[in-house]
Amino acid sequence: MKAELAQALQAASRVVARVAQGRSLADELSPAEGEATKAALIDITHGTLRRYGRVQFLVAALSHRPGNDPDVAALLWCALYALESRRYSDYTVVDQAVRACTLMEKWNAKGYVNAVLRGFLRQRDELEQRIQGDPEARWQHPAWWVEALRRAYPDQWEGALRAGNTHPPMTLRVNGRRETAASYRERLEASGIEARALGGQALLLERPVPVSRLPGFDSGSVSVQDHGAQYAASYLDLVKGQRVLDACAAPGGKAGHVLELADVDLTALDADARRLDRVRANLDRLGFQAA
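The model shown is predicted, which means the values in this text are computed figures rather than measured ones.

Asker: Would you explain the overall build of the chain in this entry?
Answerer: Helices and strands together make up the secondary structure of the chain, namely 14 helices and 6 strands. Principal axes of the C-alpha set define a box for the chain whose edges measure 65 × 45 × 40 Å. Across the 291 residues of the chain, 41% fall into the buried class. Taking contacts inside the chain between residues at least 6 apart in sequence as the whole, the part at least 24 apart equals 63%. Of the roughly 15800 Å² that the chain leaves accessible, carbon and sulfur atoms contribute 50%. With 38 positive and 36 negative side-chain charges, the chain shows a separation of 3 Å between the mean positions of the two kinds.

Structure representation (structure tokens):
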């Protein structure tokens, strides 16, 4: 587990650093990462970015180095998330973050990373009090968004920000060409996964699980898609033989849904040609093709 955490921190810090520079998280999460670290990589990248304002504040408060190396800063953000997640012991996170410096060839940063993380553990209560005075750190949203909500919803803005920090639901779209939502729900229950019907082909999981645990995911029986997004294809009144253009297709969720609903001639476009690889991969998994 220790070796896997060091590798996951190294990979996650690389991804988070690029996202901080304006890249897409979905594009940066490489499918080439080793299976041993994949689950930890997804957890650390998503968890760190959900707490972006908080971890930035903590590093700035604990650091005495102006102009930090962006890769090392991202490593510290990820390590702080790992500490606060309580999934690992404090000692393990500090030790593996220092080991990750070696994997990243940032040998000179090992002492600095160790000092910042140990400083956080010593000053945790004091830092928590200081966070309350910083809107971005406290609410983990950009300051402009906090202020916009405050103005628009003077009585509900705090509740809205709290809701924005909760873990997102995991909703599935059952491929109607393969089976009904009811029959797939029975398959989930047989696998120990609880879900409830939302209408149509949508099922909401009681707790998120890795897609590898979803029966028939690799063979196209089901996809992960937000419930609201599942309404889009049904609004098109699709019939066999239509020509349909998906002009902003990546990563391919709605394109796949369209082809599940009717035998249409679908053209999928996206402004970023690289993201079309994800569309092809998703359609291949479902057994569909698009121009």
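Asker: Which parts of the structure should I look at to understand the sheet that holds strand 1 (residues 171-174)?
Answerer: Whether parallel or antiparallel, the strands of a sheet pair through hydrogen bonds between backbone atoms. Spatial ordering of the open sheet is given by 2-3-1-4, a layout of 4 strands whose pairing is antiparallel. The sheet is open, and its two edges are formed by strand 2 (195-199) and strand 4 (222-224), each paired on a single side. Direction aside, the axes of adjacent strands within the sheet are offset by 30 degrees on average. Where strand 2 and strand 3 (residues 202-205) come together, 4 bridges link them in antiparallel fashion. Pairing of Gly 199 across the sheet is with Ala 202, part of strand 3. Lying on the sheet, helix 11 (residues 181-190) is in contact with strand 1, strand 2, strand 3 and strand 4; it crosses strand 3 at an angle near 25 degrees. Contacting strand 1 and strand 4, helix 13 (residues 253-261) crosses the sheet at an angle of about 30 degrees to strand 1.

Asker: How do you make sense of the nonpolar core when you look at a structure like this?
Answerer: Here is a general trend for soluble globular proteins: nonpolar side chains tend to be buried in one another's company. Membership of the largest hydrophobic core comes to 43 residues, with the highest contact counts inside it found for Leu 9, Ile 44, Leu 80, Val 113 and Leu 117. Listing elements by their share of this core, those giving two or more residues are helix 1 (2-20), helix 3 (35-50), helix 4 (52-62), helix 5 (70-85), helix 6 (90-103) and helix 7 (110-131). At 12 residues, helix 5 tops the list of elements feeding residues into this core. Not counting chain neighbours up to four residues away, the residues in contact with Leu 80 comprise Val 55, Leu 58, Val 59, Leu 117 and Phe 120.

Asker: It is not clear to me how the pattern of salt bridges should be interpreted in this structure. Could you clarify?
Answerer: Opposite charge on two side chains permits pairing when their charged atoms draw close. By the definition in use, this model includes 15 salt bridges. The shortest N-O distance in the salt bridge between Glu 84 and Arg 54 comes to 2.8 Å. With Glu 84 in helix 5 and Arg 54 in helix 4, this residue pair connects regions lying 30 residues apart in the sequence. Judged by its relative accessible area of 24%, Glu 84 is partly exposed. For Arg 54, a relative accessible area of 10% corresponds to the buried category. It is possible to trace a salt-bridge network through shared partners that takes in Arg 54, Glu 84 and Glu 128.

Asker: When you look at the packing of aromatic side chains in this model, what are you seeing that I'm missing?
Answerer: Remark: the centre distance and the inter-plane angle together describe each pair of aromatic rings, the angle taken between the planes. The full count for this structure, using the stated rule, is 4 aromatic pairs. Seen in terms of ring centroids, Trp 144 and Trp 145 are 5.8 Å apart; in terms of plane orientation they differ by 70 degrees. Their pairing is edge-to-face. Plain terms: the ring middles of Tyr 231 and Tyr 235 are 6.3 Å apart, the flat faces sit at 20 degrees to each other, and that makes the pair stacked. On the basis of relative accessibility, which here comes to 62%, the residue Tyr 235 falls in the exposed class. For the cation-ring pair, Arg 150 lies above Trp 157, with the distance from its terminal atom to the ring centre recorded as 4.4 Å.

Asker: How do you make sense of the state of the cysteines when you look at a structure like this?
Answerer: Here a disulfide denotes a covalent bond joining the sulfur atom of one cysteine to the sulfur atom of another. This structure, assessed with the given rule, holds 0 disulfides. Cysteine Cys 78 is unpaired, with the sulfur of Cys 101 as its nearest cysteine sulfur at 12 Å. The exposure class assigned to Cys 78 is buried, which follows from its relative accessible area of 0%.

Asker: Sorry, what's going on with the pairing of strand 1 here?
Answerer: Remember that side chains alternate between the two faces of the sheet whenever the strand is regular. Burial of the side chains of strand 1 extends over both faces: Thr 171 and Arg 173 are buried on one face and Leu 172 and Val 174 on the other. As paired elements, strand 1 and strand 3 share 3 bridges and run antiparallel to each other. Counterpart to Arg 173 in the pairing with strand 3 is Ala 202.

Analysis parameters
- Residues numbered from 1 in each chain as written.
- Predicted model: local features only at pLDDT ≥ 70, side-chain atom pairs only at ≥ 80, totals over all residues.
- Heavy atoms only, no water.
- Helix = DSSP H or I, 4+ residues; strand = E, 2+ residues; numbered from the N terminus.
- Buried < 20%, exposed > 50% of the residue type's maximum accessible area, 1.4 Å probe, protein only.
- Contact = heavy atoms within 4.5 Å.
- Areas by Shrake-Rupley, 256 points an atom, 1.4 Å probe, with all protein chains shown as cover.
- Lys, Arg positive; Asp, Glu negative; His and termini not counted.
- Charge placed at Lys NZ, Arg CZ, Asp CG, Glu CD.
- Pairing = 2+ DSSP bridges.
- Axes fitted to C-alpha atoms, helices over the stretch in contact; angles between N-to-C directions.
- Core = buried A, V, L, I, M, F, W, Y, C linked by side-chain atoms within 4.5 Å.
- Salt bridge = Lys/Arg side-chain N within 4 Å of Asp/Glu carboxyl O.
- Phe/Tyr/Trp six-rings, centres within 6.5 Å; stacked < 30°, edge-to-face > 60°.
- Lys NZ or Arg CZ within 6 Å of the ring centre and 35° of its normal.
- Disulfide = S-S within 2.5 Å.

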